[in-house]
Structure formats: structure tokens, C-alpha cells
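Tertiary structure, described
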Amino acid sequence: MNLSGKWEGEYTFGEAFPESFRAKKVPFLIEIKDTDGDLSGTCTDEETMKIFGQPATIEGFAEDGMISFVKRFPYFFAIGEDGSVITDKERESHEVMYHGERLEGQEAYAGQWEIVAAVEEGPFGRTMELVLSGDWHMQKVL
């Protein structure tokens, strides 16, 4: 199945986010170009359009009923403990990794998304990551 076209969906903020964001559902629109399973395109949603005024980009692949793509914003942003938005145009965006599976008999996918929000040196020389995540789903509209 070629995935080129417009897809509407929704992502949900997981439990590790500040309370004002937890379980919040955000609708999105993705426009995909599918070249033999290699995916590219753009993603827009109200939350990030308020911050950037332009869409995020996506790159990834789809194969055997599975989809995986990375969403990148124009520059860095973070959500503070109080729910405030922090931006830094000098820093690169974090990567939002989406993984999912095709829903049987539908032109639709669902899965999990995650962001590695912080990497720190932990005890005994181990690296520790703070991973923020949530659920997502989308269906083809055009």
C-alpha cells in the first residue's frame, strides 16, 4: 500500500508530562510522500503551530504493516514543569520517534511516540535517559 497523501490523526501526552498536559489529545495532519516505502513529508498540529508557525518535517519508512518515522521541529522547544513553553532557536529540535502498526482492514495506523528529553551520566558510569512518550493514531483521508 502506498502511503502518499493526507492523514489525520491524534497524539496523546503520556504520564511523564506536567499535569496540565497529561492525557491531553492533540489532532494533527500529516502529508506523506511515499517512495517505495521511504517516507517524507510534513506534520502540523495546533500546539506546535502556535510555537513555530510552520510545520514539522517527517522522515521514515513503512514495511510489512509497520511504520516508523521521526518528526523534527524547526528548532528546540520544551515544556516546563509549570506547563510553560521554552524555546531556543539556536538549538536543534529534539526528535520525536513514532512507531506503529497498520490496523487490520483499514487505511490507518496506531502506536507509540517518544522523545528522549534528557541524557545524564548516572551512577557507575551508566547513561540515563528521560524518555517522554504517548500514544498516537492516524487514518488516511486523501
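In the block above lies the structure referred to throughout.
This section reports on the structure supplied with the text. (Residues numbered from 1 in each chain as written. Predicted model: local features only at pLDDT ≥ 70, side-chain atom pairs only at ≥ 80, totals over all residues. Heavy atoms only, no water.)

**Overview of the environment of Phe69**
- Along the chain, Phe69 turns up in strand S5 (residues 66-72).
- Given a relative accessible area of 3%, Phe69 falls into the buried group.
- In this structure the C-alpha to C-alpha distance between Phe69 and Ser40, which are 29 residues apart in sequence, comes to 8.5 Å. (Helix = DSSP H or I, 4+ residues; strand = E, 2+ residues; numbered from the N terminus. Buried < 20%, exposed > 50% of the residue type's maximum accessible area, 1.4 Å probe, protein only.)

**Focus: unusual backbone geometry**
- Located in the positive-phi region is Asp36, a residue other than glycine, with phi close to 50 degrees.
- For Asp36, the position within the fold is in the loop between strand S2 (25-35) and strand S3 (38-45).
- For Asp36, a relative accessible area of 81% gives the class exposed.
- At Asp64, a position not held by glycine, the phi torsion is positive, near 50 degrees.
- Within the secondary structure, Asp64 sits in the loop between strand S4 (56-63) and S5.

**Some details on the side chain of Glu47**
- Note that Glu47 resides in helix H1 (residues 46-52).
- Residue class for Glu47 comes out buried when judged on its relative accessible area of 19%.

**So, the pairing of strand S7 (residues 85-88)**
- By the bridge criterion, four bridges tie strand S6 (residues 76-79) to S7 in an arrangement that is antiparallel. Looking across to S7, one finds that Ala78 is bridged to Ile86.
- Linking two consecutive strands that pair antiparallel, namely S6 and S7, is a turn of five residues; a positive phi of about 90 degrees is found at Gly83 within it. (Pairing = 2+ DSSP bridges.)

Fair warning: the whole summary comes from geometry, so function is off the table for now.
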